Amino acid sequence: MVKRILVVDDDKEIREIITFVLTRHGFQVEKASNGRQLQQLLALQLPDLIILDVMMPGEDGYHICRSLRTDPITRDIPVMMITAHAEDIYQRISIDLGAVQHMTKPFHPLELAEKVQTILGAKSYSC
């Protein structure tokens, strides 16, 4: 069964890189540029994983993560936080909010794929 991942990042280039890498590893990827678009996609179908940028205009990733964790419908969906901030405090906040993983941008595409596979217990189907 193909695992479905939602990528939420206001940076189109980052969304496209993540989509390319994960699609090549056999995942189905949906994209959103903000929390509102994420909510629209969640209303259609729940994903197996959400990859969520921290710094976005309007509602930031931490606020969105907090909302996901308090909603009975989404609280069990694993969340991976990504951010350009390398300070340890950002990783600590991500984990405290319930994220299963925290990655700092820039990241190596294979490292991203490996972490996603580990979270989802998925095998790679890369080409």
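Residues numbered from 1 in each chain as written. Predicted model: local features only at pLDDT ≥ 70, side-chain atom pairs only at ≥ 80, totals over all residues. Heavy atoms only, no water.

An unreviewed UniProt entry lists the chain under the name Response regulatory domain-containing protein, from Dictyobacter vulcani.

Participant: Which residues make up the UniProt feature "modified residue: 4-aspartylphosphate" (unreviewed entry) in the chain, and what values do they have?
Facilitator: Per the UniProt record, "modified residue: 4-aspartylphosphate" (unreviewed entry) is annotated on Asp53. Considering the arrangement of structural elements, one finds aspartate 53 in strand β3 (residues 49-53). Discounting residues that sit within four places of it in the chain, aspartate 53 has contacts with Val8, Asp9, Asp10, Gly61, Ile82, Thr83 and Lys105. (UniProt positions renumbered as here; feature names shortened; annotations may be inferred. Helix = DSSP H or I, 4+ residues; strand = E, 2+ residues; numbered from the N terminus. Contact = heavy atoms within 4.5 Å.)

Participant: So, the sheet that holds β3: which residues are in play, and what are the values?
Facilitator: Taken in spatial order, the five strands of this open sheet run β2-β1-β3-β4-β5, and their pairing is parallel. If you trace the sheet from one side to the other, it starts and ends with β2 (28-32) and β5 (101-104), each paired once. Strand after strand, the sheet turns through a mean of 20 degrees between neighbouring axes, direction not considered. When strand β4 (residues 79-83) meets β5, the two strands line up parallel, connected through four bridges. Following the sheet pairing, methionine 81 is matched in β5 by histidine 102. (Pairing = 2+ DSSP bridges. Axes fitted to C-alpha atoms, helices over the stretch in contact; angles between N-to-C directions.)

Participant: Help me get a handle on the UniProt feature "domain: Response regulatory" (unreviewed entry) in the chain, residues and values and all.
Facilitator: As annotated in UniProt, the feature "domain: Response regulatory" (unreviewed entry) corresponds to residues 4-120 in the numbering used here. As a span, residues 4-120 carries 46% helix and 21% strand, and end to end its C-alpha atoms are 10 Å apart.

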